[in-house]
Amino acid sequence: MSNWIVSIDLGGTNLKAGIVDTYGKVLHRLSTKTDSDADPQTISNQILDLITATIRGAQIKESDILGIGLGSPGLVDKAGETILFSPNLPRWRNIPIKHIVSERFSKPCVLENDANAAAWGEKWVGAGKKVKSLVMLTLGTGVGGGIVIDNKLWRGANNVAAEIGHMVIQIDGPLCNCGNRGCVEVFASATGMVRRFKELLDNGALSSLKGSGEITARMINDAAIQGDKVSLDVIEETGRYLGITLTNIMHVLNPEMIVLAGGMAGAGELLMGPIRRVTTQRAFEASYQDTKIVFSELGNDAGIIGAAGCLLKELEISA
(Lines give C-alpha, C1' and ligand atoms only; values in the text may rest on other atoms or scores of the structure.)
Protein backbone atom coordinates (compact mmCIF):
# COMPACT_ATOMS: atom_id res chain seq x y z
CA MET A 1 0.00 0.00 0.00
CA SER A 2 1.30 3.48 -0.92
CA ASN A 3 1.55 5.51 2.28
CA TRP A 4 4.51 7.79 1.71
CA ILE A 5 5.15 11.06 -0.09
CA VAL A 6 8.54 12.22 -1.31
CA SER A 7 8.84 15.95 -0.70
CA ILE A 8 11.39 18.30 -2.19
CA ASP A 9 12.17 21.79 -0.86
CA LEU A 10 14.36 23.58 -3.39
CA GLY A 11 16.13 26.55 -1.85
CA GLY A 12 18.71 29.01 -3.06
CA THR A 13 21.24 27.53 -0.62
CA ASN A 14 20.07 23.98 0.14
CA LEU A 15 18.07 21.30 -1.64
CA LYS A 16 16.16 19.28 0.96
CA ALA A 17 14.14 16.09 0.62
CA GLY A 18 12.02 14.05 2.98
CA ILE A 19 9.77 11.02 3.16
CA VAL A 20 6.51 12.12 4.78
CA ASP A 21 3.48 10.07 5.82
CA THR A 22 -0.16 11.05 5.37
CA TYR A 23 -0.24 12.57 8.88
CA GLY A 24 2.65 14.96 8.29
CA LYS A 25 5.31 12.92 10.08
CA VAL A 26 8.78 12.84 8.52
CA LEU A 27 10.32 9.37 8.23
CA HIS A 28 13.61 10.30 6.61
CA ARG A 29 15.48 13.46 5.57
CA LEU A 30 18.29 14.17 3.17
CA SER A 31 19.82 17.42 1.92
CA THR A 32 22.57 18.74 -0.30
CA LYS A 33 23.90 22.13 -1.32
CA THR A 34 22.18 23.89 -4.20
CA ASP A 35 24.50 25.10 -6.95
CA SER A 36 22.52 28.27 -7.59
CA ASP A 37 24.62 29.18 -10.64
CA ALA A 38 24.25 25.77 -12.31
CA ASP A 39 22.27 25.29 -15.50
CA PRO A 40 18.67 24.01 -15.17
CA GLN A 41 19.55 20.52 -16.41
CA THR A 42 22.15 20.12 -13.65
CA ILE A 43 19.73 21.20 -10.93
CA SER A 44 16.95 19.03 -12.40
CA ASN A 45 19.27 16.01 -12.32
CA GLN A 46 20.24 16.91 -8.77
CA ILE A 47 16.54 16.81 -7.79
CA LEU A 48 15.97 13.46 -9.51
CA ASP A 49 19.06 11.96 -7.87
CA LEU A 50 18.04 13.27 -4.45
CA ILE A 51 14.57 11.75 -4.77
CA THR A 52 16.09 8.36 -5.59
CA ALA A 53 18.62 8.63 -2.75
CA THR A 54 15.92 9.64 -0.26
CA ILE A 55 13.73 6.64 -1.14
CA ARG A 56 16.69 4.31 -0.76
CA GLY A 57 17.79 5.96 2.48
CA ALA A 58 14.31 5.43 3.95
CA GLN A 59 14.55 1.75 2.97
CA ILE A 60 11.27 1.79 1.10
CA LYS A 61 10.41 0.96 -2.51
CA GLU A 62 9.26 3.30 -5.26
CA SER A 63 6.02 1.31 -5.28
CA ASP A 64 5.44 2.48 -1.68
CA ILE A 65 5.38 6.11 -2.84
CA LEU A 66 2.01 7.81 -3.23
CA GLY A 67 3.43 10.77 -5.10
CA ILE A 68 5.93 13.61 -5.07
CA GLY A 69 5.52 17.14 -3.74
CA LEU A 70 7.82 19.86 -5.05
CA GLY A 71 8.35 23.23 -3.39
CA SER A 72 10.34 25.76 -5.40
CA PRO A 73 11.22 29.41 -4.82
CA GLY A 74 9.94 31.97 -7.27
CA LEU A 75 6.97 32.13 -9.62
CA VAL A 76 5.04 29.03 -10.66
CA ASP A 77 2.78 29.14 -13.72
CA LYS A 78 -1.02 29.13 -13.44
CA ALA A 79 -1.21 25.45 -14.36
CA GLY A 80 1.18 24.54 -11.54
CA GLU A 81 3.62 22.82 -13.87
CA THR A 82 6.47 25.21 -14.69
CA ILE A 83 8.83 27.36 -12.66
CA LEU A 84 8.73 30.69 -14.49
CA PHE A 85 11.36 32.65 -12.60
CA SER A 86 13.33 32.40 -9.38
CA PRO A 87 15.37 35.47 -8.34
CA ASN A 88 17.87 33.43 -6.33
CA LEU A 89 18.33 30.78 -9.04
CA PRO A 90 19.24 33.10 -11.92
CA ARG A 91 19.26 30.46 -14.67
CA TRP A 92 16.06 28.77 -13.47
CA ARG A 93 13.48 30.10 -15.95
CA ASN A 94 10.53 28.37 -17.61
CA ILE A 95 11.51 24.93 -16.29
CA PRO A 96 8.77 22.25 -16.60
CA ILE A 97 9.95 20.51 -13.45
CA LYS A 98 6.63 18.83 -12.67
CA HIS A 99 6.72 17.01 -16.03
CA ILE A 100 10.40 16.12 -15.60
CA VAL A 101 9.82 14.54 -12.19
CA SER A 102 6.50 12.81 -12.90
CA GLU A 103 7.86 11.34 -16.15
CA ARG A 104 10.95 9.94 -14.41
CA PHE A 105 9.08 8.31 -11.51
CA SER A 106 5.62 7.68 -13.04
CA LYS A 107 3.97 9.12 -9.93
CA PRO A 108 1.49 11.95 -9.31
CA CYS A 109 3.37 15.19 -8.72
CA VAL A 110 2.41 18.62 -7.47
CA LEU A 111 4.47 21.79 -7.89
CA GLU A 112 4.01 24.62 -5.39
CA ASN A 113 5.87 27.77 -4.49
CA ASP A 114 8.11 26.84 -1.55
CA ALA A 115 6.71 29.44 0.84
CA ASN A 116 3.15 28.46 -0.08
CA ALA A 117 4.09 24.88 0.74
CA ALA A 118 5.61 25.93 4.07
CA ALA A 119 2.50 27.96 4.88
CA TRP A 120 0.32 24.95 4.17
CA GLY A 121 2.56 22.78 6.34
CA GLU A 122 2.06 25.14 9.29
CA LYS A 123 -1.69 25.25 8.62
CA TRP A 124 -1.92 21.46 8.31
CA VAL A 125 0.10 20.24 11.32
CA GLY A 126 2.03 23.23 12.69
CA ALA A 127 1.51 26.54 14.44
CA GLY A 128 -1.59 27.42 12.41
CA LYS A 129 -3.61 24.24 12.69
CA LYS A 130 -6.27 25.96 14.81
CA VAL A 131 -6.67 29.13 12.72
CA LYS A 132 -8.48 29.77 9.45
CA SER A 133 -6.16 32.50 8.15
CA LEU A 134 -2.41 32.94 8.34
CA VAL A 135 0.49 34.54 6.52
CA MET A 136 3.86 32.81 6.43
CA LEU A 137 7.23 34.46 5.84
CA THR A 138 10.22 32.25 5.09
CA LEU A 139 13.39 34.14 5.98
CA GLY A 140 16.36 32.55 4.28
CA THR A 141 18.47 33.32 1.21
CA GLY A 142 15.43 35.31 0.13
CA VAL A 143 12.11 36.17 1.73
CA GLY A 144 9.17 34.02 0.63
CA GLY A 145 5.51 34.39 1.51
CA GLY A 146 2.46 32.17 1.73
CA ILE A 147 -1.14 33.11 2.48
CA VAL A 148 -3.94 30.92 3.81
CA ILE A 149 -7.46 32.42 3.82
CA ASP A 150 -10.52 30.47 4.96
CA ASN A 151 -8.43 27.29 5.21
CA LYS A 152 -7.25 27.55 1.59
CA LEU A 153 -3.99 28.67 0.02
CA TRP A 154 -4.44 32.02 -1.71
CA ARG A 155 -2.44 31.93 -4.94
CA GLY A 156 -3.90 34.94 -6.74
CA ALA A 157 -5.35 35.29 -10.23
CA ASN A 158 -2.21 33.97 -11.96
CA ASN A 159 -0.76 31.78 -9.21
CA VAL A 160 1.85 34.39 -8.22
CA ALA A 161 0.38 35.93 -5.05
CA ALA A 162 2.21 36.28 -1.71
CA GLU A 163 5.55 37.48 -3.11
CA ILE A 164 6.01 39.34 0.16
CA GLY A 165 9.78 39.47 -0.25
CA HIS A 166 9.26 41.68 -3.29
CA MET A 167 7.01 44.26 -1.68
CA VAL A 168 8.84 47.58 -2.02
CA ILE A 169 9.49 49.30 1.31
CA GLN A 170 12.09 51.82 0.13
CA ILE A 171 11.58 53.59 -3.19
CA ASP A 172 15.25 54.03 -4.09
CA GLY A 173 16.63 51.17 -2.02
CA PRO A 174 19.34 48.65 -2.94
CA LEU A 175 18.95 46.55 -6.08
CA CYS A 176 17.17 43.23 -5.53
CA ASN A 177 17.87 40.02 -7.47
CA CYS A 178 14.40 40.38 -9.00
CA GLY A 179 15.54 43.58 -10.76
CA ASN A 180 13.54 45.97 -8.60
CA ARG A 181 14.85 48.23 -5.85
CA GLY A 182 14.03 48.47 -2.17
CA CYS A 183 12.31 45.08 -1.81
CA VAL A 184 11.75 43.55 1.62
CA GLU A 185 14.16 40.81 0.59
CA VAL A 186 17.18 43.11 0.30
CA PHE A 187 16.68 44.22 3.91
CA ALA A 188 15.16 41.27 5.77
CA SER A 189 16.66 38.13 4.19
CA ALA A 190 19.76 36.40 5.52
CA THR A 191 21.56 37.67 2.42
CA GLY A 192 20.45 41.23 3.10
CA MET A 193 21.46 41.06 6.75
CA VAL A 194 24.94 39.80 5.85
CA ARG A 195 25.29 42.55 3.24
CA ARG A 196 24.47 45.27 5.77
CA PHE A 197 26.79 43.70 8.36
CA LYS A 198 29.70 43.73 5.89
CA GLU A 199 28.97 47.35 5.00
CA LEU A 200 29.27 48.29 8.67
CA LEU A 201 32.59 46.46 8.96
CA ASP A 202 33.87 48.18 5.81
CA ASN A 203 32.95 51.52 7.38
CA GLY A 204 35.05 50.79 10.45
CA ALA A 205 32.63 49.12 12.88
CA LEU A 206 34.31 46.83 15.41
CA SER A 207 32.96 43.30 15.74
CA SER A 208 34.17 40.00 17.13
CA LEU A 209 33.53 38.59 13.64
CA LYS A 210 36.00 40.91 11.93
CA GLY A 211 38.59 38.78 10.15
CA SER A 212 36.42 35.65 10.38
CA GLY A 213 36.34 35.03 6.64
CA GLU A 214 32.99 34.43 4.94
CA ILE A 215 30.23 35.81 7.18
CA THR A 216 26.89 34.00 7.44
CA ALA A 217 23.60 34.93 9.08
CA ARG A 218 24.10 32.13 11.61
CA MET A 219 27.46 33.61 12.62
CA ILE A 220 25.79 36.99 13.13
CA ASN A 221 23.02 35.39 15.21
CA ASP A 222 25.56 33.52 17.35
CA ALA A 223 27.70 36.64 17.84
CA ALA A 224 24.63 38.65 18.82
CA ILE A 225 23.75 36.09 21.48
CA GLN A 226 27.29 36.56 22.82
CA GLY A 227 26.72 40.33 22.98
CA ASP A 228 28.46 41.54 19.81
CA LYS A 229 27.11 45.07 19.31
CA VAL A 230 27.35 45.21 15.51
CA SER A 231 25.51 41.90 15.23
CA LEU A 232 22.87 43.06 17.70
CA ASP A 233 22.37 46.31 15.76
CA VAL A 234 21.97 44.50 12.42
CA ILE A 235 19.42 42.06 13.83
CA GLU A 236 17.55 44.93 15.49
CA GLU A 237 17.42 46.78 12.17
CA THR A 238 16.27 43.62 10.37
CA GLY A 239 13.50 43.23 12.94
CA ARG A 240 12.36 46.80 12.32
CA TYR A 241 12.16 46.20 8.57
CA LEU A 242 10.16 43.05 9.21
CA GLY A 243 7.94 44.98 11.61
CA ILE A 244 7.07 47.44 8.83
CA THR A 245 6.42 44.52 6.47
CA LEU A 246 4.12 42.80 8.98
CA THR A 247 2.29 46.06 9.66
CA ASN A 248 1.48 46.30 5.95
CA ILE A 249 0.30 42.68 5.95
CA MET A 250 -1.94 43.32 8.96
CA HIS A 251 -3.49 46.38 7.33
CA VAL A 252 -4.17 44.57 4.05
CA LEU A 253 -5.15 41.06 5.18
CA ASN A 254 -5.78 41.20 8.96
CA PRO A 255 -4.83 37.51 9.42
CA GLU A 256 -5.28 35.59 12.65
CA MET A 257 -1.62 34.59 12.63
CA ILE A 258 1.71 35.50 11.04
CA VAL A 259 4.31 32.72 11.10
CA LEU A 260 8.05 33.34 10.68
CA ALA A 261 10.32 30.52 9.53
CA GLY A 262 13.75 29.94 8.05
CA GLY A 263 17.32 30.38 9.23
CA MET A 264 16.74 33.97 10.36
CA ALA A 265 14.30 32.70 13.00
CA GLY A 266 17.38 31.39 14.81
CA ALA A 267 17.83 34.89 16.25
CA GLY A 268 14.75 34.24 18.39
CA GLU A 269 13.66 37.06 20.67
CA LEU A 270 16.46 39.31 19.38
CA LEU A 271 14.52 39.42 16.11
CA MET A 272 10.99 39.08 17.49
CA GLY A 273 11.40 41.94 19.98
CA PRO A 274 11.81 44.74 17.41
CA ILE A 275 9.16 43.15 15.17
CA ARG A 276 6.58 43.34 17.94
CA ARG A 277 7.64 46.86 18.99
CA VAL A 278 7.26 48.20 15.46
CA THR A 279 3.92 46.51 14.77
CA THR A 280 2.57 47.79 18.10
CA GLN A 281 3.70 51.31 17.22
CA ARG A 282 2.71 51.34 13.55
CA ALA A 283 -0.28 49.05 13.05
CA PHE A 284 -3.86 49.98 13.87
CA GLU A 285 -4.76 48.52 17.24
CA ALA A 286 -7.70 46.72 15.65
CA SER A 287 -5.25 45.13 13.19
CA TYR A 288 -2.58 43.84 15.56
CA GLN A 289 -4.43 43.09 18.77
CA ASP A 290 -5.75 39.72 17.61
CA THR A 291 -2.96 38.81 15.18
CA LYS A 292 -0.48 36.39 16.72
CA ILE A 293 3.11 36.67 15.49
CA VAL A 294 4.90 33.38 16.10
CA PHE A 295 7.86 31.34 14.96
CA SER A 296 7.27 28.19 12.94
CA GLU A 297 6.56 24.99 14.87
CA LEU A 298 7.82 22.83 12.01
CA GLY A 299 11.16 24.63 11.62
CA ASN A 300 13.26 23.42 8.72
CA ASP A 301 10.69 20.70 7.96
CA ALA A 302 7.89 23.16 7.11
CA GLY A 303 8.62 23.11 3.38
CA ILE A 304 8.85 19.34 2.96
CA ILE A 305 5.84 18.67 5.19
CA GLY A 306 3.84 21.33 3.38
CA ALA A 307 4.74 19.99 -0.07
CA ALA A 308 3.47 16.58 1.06
CA GLY A 309 0.26 18.19 2.32
CA CYS A 310 -0.21 19.99 -1.01
CA LEU A 311 0.06 16.65 -2.84
CA LEU A 312 -2.48 15.03 -0.51
CA LYS A 313 -4.85 17.93 -1.03
CA GLU A 314 -4.43 17.64 -4.80
CA LEU A 315 -5.22 13.93 -4.58
CA GLU A 316 -8.12 14.71 -2.21
CA ILE A 317 -6.82 12.25 0.39
CA SER A 318 -6.38 14.49 3.46
CA ALA A 319 -4.54 17.64 4.60
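Trainee: Can you walk me through the overall build of the protein chain in this structure?
Mentor: Looking only at helices and strands, the protein chain features 10 helices and 13 strands. For 319 residues, the compact-globule estimate of 2.2 N^0.38 gives 20 Å, and the protein chain sits close to it at 19 Å. Its C-alpha atoms give the protein chain principal-axis dimensions of about 60 × 45 × 35 Å. A buried classification covers 54% of the 319 residues belonging to the protein chain. For the protein chain, the computed accessible surface area is about 14400 Å², with 49% contributed by carbon and sulfur atoms. Once the 31 positive and 34 negative side-chain charges of the protein chain are each reduced to a mean point, those two points are 3 Å apart.

Trainee: Where do I start with the packing of helix α5 (residues 190-202) against helix α6 (residues 217-225) in this structure?
Mentor: When two helices pack together, their arrangement is given by the angle between the helix axes and the distance between those axes. Between α5 and α6, whose axes approach to 9 Å, the crossing angle comes to 65°. Relative to α6, the element α5 is oriented roughly perpendicular. In the crossing of α5 with α6, the sense of the turn from one axis to the other is left-handed. Seen from α5, the contacting residues are Ala 190, Met 193, Val 194 and Phe 197; seen from α6, they are Ala 217, Ile 220 and Asn 221. When grouped by side-chain class, the residues that make up the contact of α5 with α6 number 6 nonpolar, 1 polar and no charged.

Trainee: Would you take a moment to explain the pattern of salt bridges for this structure?
Mentor: Here the idea is simple: oppositely charged side chains can pair when their charged atoms come close. Going through the model one piece at a time under the given rule, you end up with 10 salt bridges. A salt bridge links Glu 199 to Arg 195; the nearest nitrogen and oxygen atoms lie 3.1 Å apart. Of this pair, Glu 199 and Arg 195 both sit in helix α5, 4 residues apart, which is roughly one turn of the helix. For Glu 199, a relative accessible area of 39% puts it in the partly exposed group. The shortest N-O distance in the salt bridge between Lys 229 and Asp 233 comes to 2.8 Å. Here Lys 229 and its partner Asp 233 are both found in helix α7 (residues 229-253), 4 residues apart, which amounts to about one turn of the helix.

Trainee: It is not clear to me how the state of the cysteines should be interpreted in this structure. Could you clarify?
Mentor: In a disulfide, the sulfur atoms of two cysteines are covalently bonded to one another. One pass over the full model with this rule turns up 0 disulfides. The structure places no disulfide on Cys 176, whose sulfur is separated from the nearest cysteine sulfur, that of Cys 178, by 3.7 Å. Since its relative accessible area comes to 4%, Cys 176 is described here as buried.

Trainee: Is there a simple way to think about the nonpolar core in this case?
Mentor: As a rule of thumb, soluble globular proteins bury nonpolar side chains together. Judged by nonpolar contacts, the single largest core of 36 residues is most densely connected at Leu 137, Leu 139, Phe 197, Ile 220, Ile 258 and Leu 260. Elements with a minimum of two residues in this core: β9 (134-139), β10 (143-149), α4 (184-188), α5, α6, α7, β12 (257-261) and α8 (269-282). Of all the elements, α7 adds the most residues to this core, at 7 residues. In terms of nonpolar packing, the next biggest core, distinct from the first, is built from 28 residues, Ile 19, Leu 89, Cys 109 and Leu 111 among them.

Trainee: Looking at this structure, I do not really get helix α2 (residues 97-105). What am I missing?
Mentor: Because each turn of an α-helix spans 3.6 residues, side chains separated by three or four positions in sequence point in the same direction. For α2, every residue scored as buried is listed here: Ile 97, Lys 98, Val 101 and Phe 105. Down the axis of α2, the sector holding all buried residues measures 100°, keeping them to one side. Of the surrounding secondary structure, the elements contacted by the buried residues of α2 are α1 (40-57), β4 (65-72), β6 (83-85), β7 (93-95) and β8 (109-113). Ser 106 sits one or two positions beyond α2 and adopts a positive phi of about 55°.

Trainee: How should the sheet that holds strand β5 (residues 75-76) be read in this particular structure?
Mentor: Two strands in a sheet stick together by hydrogen bonds in their backbones, pointing the same way (parallel) or opposite ways (antiparallel). Here we have 3 strands laid out as an open sheet, ordered β5-β6-β7, and antiparallel in their pairing. The open sheet has two edge strands, β5 and β7, and neither has a second partner.

Trainee: So what exactly am I meant to see when it comes to α1 here?
Mentor: Between its terminal C-alpha atoms α1 stretches 25 Å, which fits the 26 Å expected from 18 residues at 1.5 Å a residue. Taken together, the buried positions of α1 are occupied by Ile 43, Ser 44, Gln 46, Ile 47, Leu 48, Leu 50, Ile 51, Thr 52, Thr 54 and Ile 55. For α1, the secondary structure elements touched by its buried residues are β1 (4-10), β2 (14-21), β3 (26-33), β4, β7 and α2. Gln 59, located one to two residues past α1, shows a positive phi value of around 60°.

Basis of the calculations
- Residues numbered from 1 in each chain as written.
- Predicted model: local features only at pLDDT ≥ 70, side-chain atom pairs only at ≥ 80, totals over all residues.
- Heavy atoms only, no water.
- Helix = DSSP H or I, 4+ residues; strand = E, 2+ residues; numbered from the N terminus.
- Rg over C-alpha atoms; globule rule 2.2 N^0.38 Å.
- Buried < 20%, exposed > 50% of the residue type's maximum accessible area, 1.4 Å probe, protein only.
- Areas by Shrake-Rupley, 256 points an atom, 1.4 Å probe, with all protein chains shown as cover.
- Lys, Arg positive; Asp, Glu negative; His and termini not counted.
- Charge placed at Lys NZ, Arg CZ, Asp CG, Glu CD.
- Axes fitted to C-alpha atoms, helices over the stretch in contact; angles between N-to-C directions.
- Parallel < 35°, antiparallel > 145°, perpendicular 65-115°, else oblique.
- Left-handed = near helix turned anticlockwise from the far one by under 90°.
- Contact = heavy atoms within 4.5 Å.
- Nonpolar A, V, L, I, M, F, W, Y, C, P; charged D, E, K, R; others polar.
- Salt bridge = Lys/Arg side-chain N within 4 Å of Asp/Glu carboxyl O.
- Disulfide = S-S within 2.5 Å.
- Core = buried A, V, L, I, M, F, W, Y, C linked by side-chain atoms within 4.5 Å.
- Arc of directions from axis to C-beta.
- Pairing = 2+ DSSP bridges.
- Expected span 1.5 Å × (residues − 1).

Geometric values such as these leave the question of function open.
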